[in-house]
Amino acid sequence: MVSPAQPNLETVDWSKVPAPVDDGAARHLTGATIPDVALAATDGSTVSLARLKGLTVVFAYPRTGRPGQPSLAPDWDKVPGARGCTPQSCAFRDLHAELRAAGASQVFGLSTQDTAYQQEAVSRLHLPFPLLSDEKLALVHALNLPTMHVAGHTLTARFALVIDDGRIAHVFYPVFPPDRNATDVLAWLKANPRPTS
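Notes on the structure in this doc start here. What you see is a predicted model; the values in this text were computed from it and never measured.

The strand order 2-1-5-4-3-8-9 describes an open sheet built from seven strands, whose pairing is mixed. Each end of this open sheet is capped by a strand with a single partner; those strands are strand 2 (46–48) and strand 9 (167–172). Each adjacent strand pair in this sheet contributes to an overall mean axis angle of 35 degrees, direction not counted. Pairing geometry for strand 3 (residues 55–60) and strand 4 (residues 104–111), over six bridges, is parallel. Across the sheet, the residue bridging to V58 is F108, located in strand 4. Together, strand 1 (38–41), strand 4 and strand 5 (131–133) form the strand contacts of helix 3 (residues 115–125), whose direction differs from that of strand 5 by roughly 165 degrees.

Below, the structure is given as structure tokens:
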């Protein structure tokens, strides 16, 4: 989403963006079992995070913007945790091979945007992983995931999960700055290698 103050979607001056605070909204997630919820993916598949084997990295974001289109709300940059979806996604793109080498069997992005909107972002940003749509808020409600409410829309807050065989092993929340999230996840994977059988 284009902001008049910071029109570039990929380069953001984080000193001008309010950081989110830890409101405890993700405190219950570590150790939780992922419910069997089917999510549409931008590659045309349907994914249930509960059924995936190995380590799965899921980063959630409120919504990606499109160049030249206005923000969801005129004060988008003033909403703590709202700005930064494109830089976060690009950081996971840039570190995708390293995340896989560090043990992630799969990587996904997650938002409440519909799949068609997400497909544009995958194409434009050259993402090597699918984005998952929780447009109907099924996973949000089933896990009581952190959300934000902007301009009448319920959006996922920014967080990342490391899921091990359907159970949440680690939660990153709040995430700030967003473009550092992938680096933090990679560091955690390297420091916590999954035991081999």
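Now that the structure has been shown, we can carry on.
Another point: helix 5 (residues 181–191). Those residues of helix 5 lying buried are N181, A182, V185, L186, W188 and L189. For helix 5, the angular spread of buried residues about the axis comes to 160 degrees, placing them on one side. In helix 5, the exposed positions angled more than 90 degrees off the buried face are occupied by K190 and A191. Buried residues in helix 5 make contact with strand 3, helix 1 (85–94), helix 2 (96–101), strand 4, strand 8 (159–164) and strand 9.

Reading guide: rules and limits
- Residues numbered from 1 in each chain as written.
- Predicted model: local features only at pLDDT ≥ 70, side-chain atom pairs only at ≥ 80, totals over all residues.
- Heavy atoms only, no water.
- Pairing = 2+ DSSP bridges.
- Helix = DSSP H or I, 4+ residues; strand = E, 2+ residues; numbered from the N terminus.
- Axes fitted to C-alpha atoms, helices over the stretch in contact; angles between N-to-C directions.
- Contact = heavy atoms within 4.5 Å.
- Buried < 20%, exposed > 50% of the residue type's maximum accessible area, 1.4 Å probe, protein only.
- Arc of directions from axis to C-beta.

From the geometry alone we can't say anything about function, so treat these as descriptive.
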